[in-house]
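Listed below, chain by chain, are the residues.
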Amino acid sequence: MQPVKTYFVTGATGVVGSALVPLLLEDAGTRVKLLIRSDSPDDVTARLEALFGFWEVTPDNLDFRGRVQALRGDVTAPRFGLDETAYGELCADCTHIVHAAGNVRMNLPLEKARLSAVGSARNVVEFARVCPLLEKIEFVSTVGVGGRVAGSVPERWLTEPRPFHNTYEQAKAEAECYVQREVERGLPLTVHRPSMVVGDSLTGKVMHFQIFYHLCDFLSGRLTLGLYPYLGTALLDIIPADYVARAIAWSSLQTITTGEILHLCSGPERALRLEALREVVRSTFAEAGLRLPPAVPVPRMLFGASMRLLGTLVRGENRRRLRALPVFLEYLATEQTFDNARTQSLLKSAELAVPPPATYLNCVLKYFRARQNR
């Protein structure tokens with residue numbers, strides 16, 4: 001009889017976690033326990049039902065539902081905010097940990113970003129130490145830990161001093177430094193560094209619209225009166241959520257990935273030129289019936305000044321989006337790439353090849369536009 005595997009998953013309501021859980025449950029001998037932050041037990045139930053809806057799991061699918069347990073807690077709190085009994089039961093059952101939770105806001109004060117990234121990492125490691133059945137930990141980081149490293153970010157621990165684009169990257173890098181020390185002491189952990197995660201490669205489906213989608217809104221010109229900065233040869237590395245999820249699910253059952261850094265990204269050869277992405281975005285949005293202003297390229301400094309002025313004239317959600325624009329401009333200015341040759345070599349046995357963005361970009365954008373029109 002195959003032993004039961006019990007996964008403890010943080011961040012199940014996020015883009016990566018929501019793509020991962022159904023893959024784990026394809027194995028009939030797997031159960032998952034999801035840590036869900038919420039204000040009340042009723043809210044936990046509602047958020048779990050939202051996940052079931054996203055996964056298209058009907059109420060009569062008792063097998064699937066019966067192998068999913070939601071725990072109300074907070075990954076940044078000691079013992080995840082669980083009472084002694086719940087924490088003890090979780091420790092006793094857990095065979096695998098997937099830590100995918102994280103606050104992806106780029107402009108948090110550094111201490112708050114550290115609480116989210118480093119604080120949660122400490123809590124996960126402390127939990128792992130007291131799990132008698134633990135086999136493996138999958139730790140979801142980001143290629144952003146490379147900060148402003150010029151050229152290609154390597155698939156290794158990054159210990160050299162470097163500047164960062166924002167507090168999110170810095171805090172994630174500090175969290176990696178913490179887990180590196182634990183790995184060196186024998187913790188069975190793999191670090192996964194996704195690039196900018198987008199929807200499913202076949203359907204475009206995604207739990208939340210994050211940075212990539214906001215960037216596409218700007219590139220369409222509809223929020224900026226058609227203005228956009230000269231993009232030159234700037235690149236953007238994107239990767240579909242299902243690829244990331246399958247790599248994590250596979251790695252969780254492997255010993256060969258222990259201590260490894262996996263770059264779950266398109267890599268230098270498949271990263272998108274932003275100018276090409278802008279053209280696809282505008283074409284897809286226009287095909288969906290969205291009226292777009294004429295595209296007007298302007299120097300970066302003039303674009304920034306124009307957006308600051310425009311931000312004083314608009315209200316509501318558009319004002320909030322324009323205020324976030326400096327975050328995107330940081331990425332528009334980079335020609336950084338991310339090496340993924342070693343990761344691809346490791347993933348060969350899983351038959352996981354990086355899908356070319358051209359094969360999924362249109363369906364990702366069409367899903368986005370369809371949900372915006374609702």
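Preceding this section is the structure that the text describes.
Here's what I pulled together on the structure shown here. Values in this document were obtained by computation on a predicted structure and should not be read as measured data. (Residues numbered from 1 in each chain as written. Predicted model: local features only at pLDDT ≥ 70, side-chain atom pairs only at ≥ 80, totals over all residues. Heavy atoms only, no water.)

## What about the packing of helix α7 (residues 211-220) against helix α14 (residues 361-372)?
Note the threshold: Think of each axis as a best-fit line through the C-alpha atoms, taken over the contacting stretch in the case of a helix, with angles from 0 to 180 degrees between the N-to-C directions. Starting at the N terminus, helices and strands are each numbered in turn, a helix being any DSSP run of H or I of at least four residues and a strand any DSSP run of E of at least two. Should an angle lie under 35 degrees it is considered roughly parallel, over 145 roughly antiparallel, and from 65 to 115 roughly perpendicular; all remaining angles are considered oblique. We call two residues in contact whenever any of their non-hydrogen atoms come within 4.5 Å of each other. Gly counts as polar in this scheme, as do all residues outside two lists: the nonpolar Ala, Val, Leu, Ile, Met, Phe, Trp, Tyr, Cys and Pro, and the charged Asp, Glu, Lys and Arg.
At a closest axis distance of 12 Å, the pairing of α7 and α14 adopts a crossing angle of 80 degrees. Judged by the angle between their axes, α7 and α14 are roughly perpendicular. Contacts between α7 and α14 pair F212, Y213, C216 and D217 from the former with L361, V364, L365, F368 and Q372 from the latter. Here the residues of the contact of α7 with α14 sort into 7 nonpolar, 1 polar and 1 charged.

## Concerning the layout of surface pockets
Under the convention used in this document: Each cavity reported here is a set of points on a 1 Å grid over the protein atoms alone in which a 1.4 Å probe fits but cannot get out, each pocket an open set with protein on both sides within 12 Å along at least five of seven lines, and each lining residue one with an atom within 4 Å of a point. Grid points are joined across faces, edges and corners, and a volume is the space filled by probe spheres set on the points.
The volume enclosed by the second largest pocket comes to roughly 340 Å³. Lining the second largest pocket are 18 residues, and of these S18, A19, P22, D200 and D242 sit closest to its centre. With 5 residues, the single largest contributor to the lining of the second largest pocket is helix α1 (residues 15-24). Within the lining of the second largest pocket, the residues separate by chemical class into 11 nonpolar, 2 polar and 5 charged.

## Details of the pairing of strand β1 (residues 5-10)
What counts, and what does not: Summary of the burial criterion: residues with accessible area below 20% of their type's maximum are buried, those above 50% are exposed, and those between are partly exposed, where the area comes from a 1.4 Å probe applied to protein chains only. Two strands qualify as a pair provided that DSSP identifies no fewer than 2 bridges between them. Here the term right-handed applies to a crossover when the path leading from its first strand over the helix to its second strand runs clockwise, the strands being oriented away from the viewer.
Along β1, 6 of the 6 residues are buried, which leaves the element largely enclosed by surrounding structure. With burial as the criterion, each face of β1 is covered, one bearing K5, Y7 and V9 and the other bearing T6, F8 and T10. Strand direction decides the pairing type here: β1 and strand β2 (residues 30-36), joined by 6 bridges, are parallel. For T6, the partnering residue across the bridge sits in β2 and is R31. Of the crossover connections in this fold, the one passing from β1 over α1 to the parallel β2 is right-handed. The sheet contact formed by β1 and strand β4 (residues 96-99) spans 4 bridges and is parallel. Each residue of the ladder has a partner; that of Y7, found in β4, is H96.

## Some remarks on the packing of aromatic side chains
In this description, a pair of aromatic rings is defined by centroid distance and the angle of the planes. Cut-off, in case you're wondering: Paired rings are identified among Phe, Tyr and Trp, the last through its six-membered ring, by centres lying within 6.5 Å, and are further divided according to the angle between planes into stacked (under 30 degrees), edge-to-face (over 60) and tilted (the rest).
Going through the model one piece at a time under the given rule, you end up with 14 aromatic pairs. For the ring pair W55 and F64, a centre distance of 5.8 Å and an interplane angle of 55 degrees mean the geometry is tilted. For the pair shown, W55 and F64 are each scored as buried. When the ring of F209 is compared with that of F368, the centres are 4.9 Å apart and the planes differ by 65 degrees; the resulting orientation is edge-to-face. In this pair, F209 sits in the loop between β8 (196-198) and α7 while F368 sits in helix α14, placing the two residues 159 residues apart along the sequence. In this structure F368 comes out as buried when scored by relative accessible area, which is 3%.

## Notes on helix α9 (residues 274-287)
Spelled out, the test is: An expected span of 1.5 Å times one less than the residue number is assigned to each helix. The arc under discussion is defined with respect to the helix axis, by the directions toward the C-beta atoms.
Taking 1.5 Å per residue as the helical rise, α9 with its 14 residues ought to reach 20 Å, and the 20 Å between its terminal C-alpha atoms agrees with that figure. If you check which residues of α9 are buried, you get L274, L277, R278, V281, R282, T284 and F285. Seen from one end, α9 has its buried residues packed into an arc of 165 degrees, which puts them on one side. Trailing α9 by a residue or two, G289 shows a phi angle of about 90 degrees, which is positive.

## What about the environment of V296?
Along the chain, the position of V296 falls in strand β14 (residues 296-298). V296 gets classed as partly exposed once you look at its relative accessible area, which sits at 36%. For the pair formed by V296 and E138, sequence separation is 158 residues and the distance between their alpha carbons is 44 Å. Setting aside its immediate chain neighbours within four residues, V296 contacts G226, L227 and Y228.

## A short note on the packing of helix α5 (residues 110-129) against helix α6 (residues 167-184)
The condition that has to hold: Handedness of a crossing is defined here by the sense of rotation of the near helix relative to the far one, left-handed for an anticlockwise turn of less than a right angle and right-handed for a clockwise turn.
It is at 8 Å that the axes of α5 and α6 come closest, and there the two elements cross at 25 degrees. Judged on the interaxial angle alone, α6 and α5 are roughly parallel. Here the hand of the crossing between α5 and α6 comes out right-handed. Where α5 approaches α6, its residues L110, A113, R114, A117, V118, A121, R122, V125 and R129 are matched on the opposing element by T167, Q170, A171, K172, E174, A175, Y178, V179 and E182.

## Comments concerning α7
One full turn of an α-helix is made of 3.6 residues, so residues set three or four places apart face in the same direction. Within α7, 9 of the 10 residues are buried, leaving the element largely enclosed by the surrounding structure. Residues of α7 that are buried include every one of I211, F212, Y213, L215, C216, D217, F218, L219 and S220, and no others. Two residues or fewer past α7, G221 is found with a positive phi of approximately 90 degrees.

## Here's the deal with the environment of M196
Mapped onto the elements, M196 comes out in strand β8. Excluding residues that lie within four positions of it along the chain, M196 makes contacts with I211, F212, L236, D237, I238 and I239.

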